[in-house]
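A look at the structure
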Amino acid sequence: MKALVAKDYGDVDQLELREMPEPPVGPDDVKVRVAAASINPIDWKLLSGARRKLMELHFPAILGRDASGEVLAVGANVKAFQRGDRVLGLVMGAFAEQVTANQNAWALLPSGLDALDAAALPLVTLTGAQLAERVEPAKGRTILVTGALGGVGRATVFVAKSAGATVFAGVRKSQKQAAMSLGADRVIALDDDAELAAVPELDGIADTVNGETIAKLLPRIKKGGHLGSVVGEPAGARERGLQVKAMLTQPDSKRLEELARAVAAKKLIIPVEKRFPLAQAPDAIRLARGGGVGKVLVLP
């Protein structure tokens, strides 16, 4: 099969398209012919070596966490999927013509969801859902989501609102108008000190940005409140008496199917910016890495 392979740590010049062995299928695995994969920050961070402590790459390495496609084969213990099913999943090695992952990584593609654009969903929607859970959204609780216009932020806002919480969407001032469509109760410009000063006491913050922004927001969380983060634990959070819950996204077949149905019903919008052939994946990564765009897909 053809796959986009990283030869060594570095930039996108370390990527090349080459023939690789087809992935084997274990007893709990589902093997899929990839229709599309999407690019996430973890891809260029792993390639650069910035996340080497989190995950060591063994070269030649195939990157890519999101995939959509058609089931080619299932392991002996797999009952929920069969050959020919259309699926999406949170996997490893999606930048290839085929990928294999545990059955818990996959969800059936719901009616009404584009089979290619579905590849944009697994990592960002599952991350958003699991991040929202870290701040315990519920009726009567006020939650702020930073980076709310990103894929993870959008999913976090959706899940927190669905749980009944009052949700503030935190974005840059230039993004406020666009963020009005997220369905949050209020949109906050996080780069406007006057708006930050007017933020009421919060029960929790779901953070996707860290840095100076979260440092300014920490005093707005009530003592004993929750801080969920996908970008590491910010300095000083525990000293303020906060419940800090940094996280790594885990596969969840049932939750992924629920989120995919929400996207199919247009209750949750994850924009897709552009599709590239797999051979042009370096250009796709450059576009995604530049920021400020929707999801970028590669098609084998």
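Calculation rules
- Residues numbered from 1 in each chain as written.
- Predicted model: local features only at pLDDT ≥ 70, side-chain atom pairs only at ≥ 80, totals over all residues.
- Heavy atoms only, no water.
- Helix = DSSP H or I, 4+ residues; strand = E, 2+ residues; numbered from the N terminus.
- Expected span 1.5 Å × (residues − 1).
- Buried < 20%, exposed > 50% of the residue type's maximum accessible area, 1.4 Å probe, protein only.
- Contact = heavy atoms within 4.5 Å.
- Polar contact = N/O pair within 3.5 Å; in protein donor to acceptor, adjacent residues only side chain to side chain.
- Pairing = 2+ DSSP bridges.
- Axes fitted to C-alpha atoms, helices over the stretch in contact; angles between N-to-C directions.
- Phe/Tyr/Trp six-rings, centres within 6.5 Å; stacked < 30°, edge-to-face > 60°.
- Lys NZ or Arg CZ within 6 Å of the ring centre and 35° of its normal.
- Parallel < 35°, antiparallel > 145°, perpendicular 65-115°, else oblique.
- Nonpolar A, V, L, I, M, F, W, Y, C, P; charged D, E, K, R; others polar.
- 1 Å grid on protein atoms, 1.4 Å probe; cavity = no way out; pocket = protein on both sides within 12 Å on 5 of 7 lines; lining within 4 Å.
- Points joined across faces, edges and corners; volume = space filled by probe spheres on them.
- Core = buried A, V, L, I, M, F, W, Y, C linked by side-chain atoms within 4.5 Å.

Our focus in this paragraph is helix H7 (residues 253-264). Between its terminal C-alpha atoms H7 stretches 16 Å, which fits the 16 Å expected from 12 residues at 1.5 Å a residue. Ser253, Leu256, Leu259, Ala260, Ala262, Val263 and Ala264 are the residues of H7 that are buried. Residues of H7 that are buried sit in contact with strand S6 (86-90), strand S8 (106-108), helix H2 (122-134) and helix H3 (151-162). Residue aspartate 252 occupies the N-cap position of H7, its side-chain oxygen lying 3.3 Å from the main-chain nitrogen of lysine 254.

Looking now at unusual backbone geometry. For the bond running from phenylalanine 59 to proline 60, omega is -5 degrees, close enough to zero to count as cis. By secondary structure assignment, the location of proline 60 is in the loop between helix H1 (41-48) and strand S4 (61-62). Phi at glutamate 136 takes a positive value of approximately 50 degrees, unusual for a residue other than glycine. Inspection of the secondary structure puts glutamate 136 in the loop between H2 and strand S9 (142-146). Non-glycine residue lysine 266 carries a positive phi angle of around 65 degrees.

In this section: the sheet that holds S9. An order of S11-S10-S9-S12-S13-S14 is seen for the 6 strands of this open sheet, with the pairing classed as parallel. A strand with exactly one partner marks an edge of an open sheet, and here the two such strands are strand S11 (186-189) and strand S14 (243-246). On average, each strand axis in the sheet is inclined to that of its neighbour by 20 degrees, with strand direction left out of account. In this structure, S9 lies alongside strand S10 (residues 166-171), joined through 5 bridges in parallel fashion. Along S10, the bridge assignment pairs isoleucine 143 with valine 167. This element, H2, spans strand S12 (202-207), strand S13 (221-229) and S14 of the sheet and lies at about 160 degrees to S13.

With that settled, the discussion passes to the packing of aromatic side chains. Summed over all chains, the structure comprises 1 aromatic pair. Where tyrosine 9 meets phenylalanine 59, the ring centres are 4.9 Å apart and the plane angle is 90 degrees; that geometry is what we call edge-to-face. In this pair, tyrosine 9 is assigned in the loop between strand S1 (2-6) and strand S2 (15-19) and phenylalanine 59 in the loop between H1 and S4, connecting sequence segments 50 residues apart. Assessed through its relative accessible area of 29%, phenylalanine 59 is described here as partly exposed. Directly above the ring of phenylalanine 168 sits arginine 186, whose terminal nitrogen or CZ lies 5.2 Å from the centroid.

It is worth spelling out the packing of H2 against H7 at this point. The N-to-C vectors of H2 and H7 enclose an angle of 105 degrees; their axes lie 10 Å apart at closest approach. When the axes of H2 and H7 are compared, the pair comes out roughly perpendicular. Every residue of H7 that contacts H2 at Pro122, Thr125, Leu126, Ala129 and Glu133 is listed here: Arg255, Leu256 and Leu259. By residue class, the composition of the contact of H2 with H7 is 5 nonpolar, 1 polar and 2 charged.

Turning our eyes to something else, we now look at the layout of surface pockets. There is about 290 Å³ of room inside the second largest pocket. Lining the second largest pocket we find 20 residues, and of these Pro60, Ala61, Ile62, Met92 and Gly93 sit closest to its centre. Those elements that place two or more of their residues in the lining of the second largest pocket are S4 and strand S7 (98-102). The residue makeup of the lining of the second largest pocket, split by class, is 14 nonpolar, 4 polar and 2 charged.

Membership of the largest hydrophobic core comes to 81 residues, with the highest contact counts inside it found for Ile39, Leu88, Phe95, Trp106, Leu113 and Val298. With residues up to four places along the chain from it excluded, the contact list for valine 298 reads Ala36, Ala37, Ile39, Phe95, Phe276, Leu278, Ala281 and Ala284. One finds Leu144, Ile205, Leu227 and Ala237 within the second-largest nonpolar core, a separate group that totals 16 residues.

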